[in-house]
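# Summary of structural features
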Amino acid sequence: MIGATEFYLTLSALLFAIGAAGMLLRRNPLVMFMSIELMLNGVNLAFLTFARLWDNPDGDIFTFLVLTVAAAEAVVGLAIIIAIFRPRQGVDVDEIDEMKG
Amino acid sequence: MIEAGALFLLGAVVVGSALGVVIVPNAVYSVLFLIVNLLGLAVCFLLLNAVFLAAAQVLIYAGAIIVLFLFSITLLSPGGEHISADPRRWQRNVGIVISVALGALLLFLIFGSITGLGTPLPNSGATSGTVEGFGRALFQQFLFPFEITSFVLLVALIGTVIYGSNTLEDIRRGRLPRGER
């Protein structure tokens, strides 16, 4: 049987890898954003696990900062996505090629 | 033994809902899976003795951000997503290979190189996760990063307002992006 630390770290690594897979495979920008949130949450879990392992508040503080920045990032990112895709039909990131050289 | 079973059930729920976010084709169902995932993670935070962060997780993520996501999805693609099948199959295969390799590498690193594993987490008697310990650390040792955070939020707020008003102005004047012309 594995200990609790290994359990949480495994969970964190799996969440990060699943989020990366969603980022690479999906072409809906909103689902890609959700994958980023998954990755951030995986990292948060690792931070908290290590904070508890060494009884140190640094991990908690960093998780709090990640939470705040993730909220700001979601707001700005979703505003940009809406501005790009609102006048179009559907949401496909491969159709965005205005900046192609 | 029951405790270990409950822990594994929690892990299965978290990993399964994360897979659901990535795999399910409909974005609305992805958001619903994301809610399950975030709530499961909040339970993990509670088990890790981080009471304040679990509450913040539920309020900020499962509350505010999820509402924002649902709003965006219903605004952008009310009649389907219109995403055609990917013409480049190899990109998909390469993506799968890369993400599986990333997960294997992370697990290898965790179990291969980090010392101090195997010891039980100090769940009782620890002060670092309680609201009091968190508040003391945040407002004494980490006061400056906390203030920087408020500045980041302010910049995001102002930027979003300016960006949104400019876009609305463009649409009102008939200057639509290329897709509509």
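See the structure printed just above.
Residues numbered from 1 in each chain as written. Chains lettered and ligands numbered in written order. Predicted model: local features only at pLDDT ≥ 70, side-chain atom pairs only at ≥ 80, totals over all residues.

This next bit is on the overall build of chain B. For chain B, the helix and strand inventory stands at six helices and zero strands. In chain B, the succession of helices and strands from N to C terminus is α-α-α-α-α-α. Considering chain B as a whole, with its 181 residues, one finds that 22% of them fall into the buried category. If you take every contact in chain B between residues at least 6 apart in sequence, the share linking residues at least 24 apart comes to 49%. (Helix = DSSP H or I, 4+ residues; strand = E, 2+ residues; numbered from the N terminus. Buried ≥ 20, exposed ≤ 12 C-beta atoms within 10 Å, placed from the backbone. Contact = placed C-beta atoms within 7 Å.)

Attention now moves to the interface of chain A and chain B. How big an interface is tends to be stated in terms of the accessible area lost upon association of its parts. Taken together, the contacts link 67 residues of chain A with 76 residues of chain B. Mapped onto the side of chain A that touches chain B, the elements with two or more residues apiece are α1 (4–25), α2 (29–53) and α3 (58–85) of chain A. Of the residues that constitute the side of chain A that touches chain B, the class distribution is 43 nonpolar, 13 polar and eleven charged. (Nonpolar A, V, L, I, M, F, W, Y, C, P; charged D, E, K, R; others polar.)

All right, on to the packing of α3(A) against helix α5 (residues 131–141) of chain B then. For any two helices packed against each other, one specifies the inter-axial angle together with the distance between the axes. The interhelical angle for the contact between α3(A) and α5(B), taken along N-to-C directions, is 75°, at an axis separation of 10 Å. In terms of axis orientation, α3(A) runs roughly perpendicular to α5(B). Residue-level contacts link A:D60, A:I61 and A:F64 of α3(A) to B:F134, B:A137 and B:L138 of α5(B). Looking at the contact of α3(A) with α5(B) residue by residue, the class counts come to five nonpolar, no polar and one charged. (Axes fitted to C-alpha atoms, helices over the stretch in contact; angles between N-to-C directions. Parallel < 35°, antiparallel > 145°, perpendicular 65-115°, else oblique.)

Ranked by internal contacts, the top residues of the largest apolar core, which has 58 residues, are A:M34 and B:F45. Contributing elements (two or more residues each) for this core: α1, α2 and α3 of chain A together with α1 (2–23), α2 (27–47), α3 (51–76) and α5 of chain B. In terms of residue count, the dominant contributor to this core is α1(A) (13 residues). Look past the residues within four positions of B:F45 in its chain and what remains in contact with it is A:L48, B:A50, B:L53, B:A54 and B:Q57. (Core = buried A, V, L, I, M, F, W, Y, C linked by C-beta atoms within 7 Å.)

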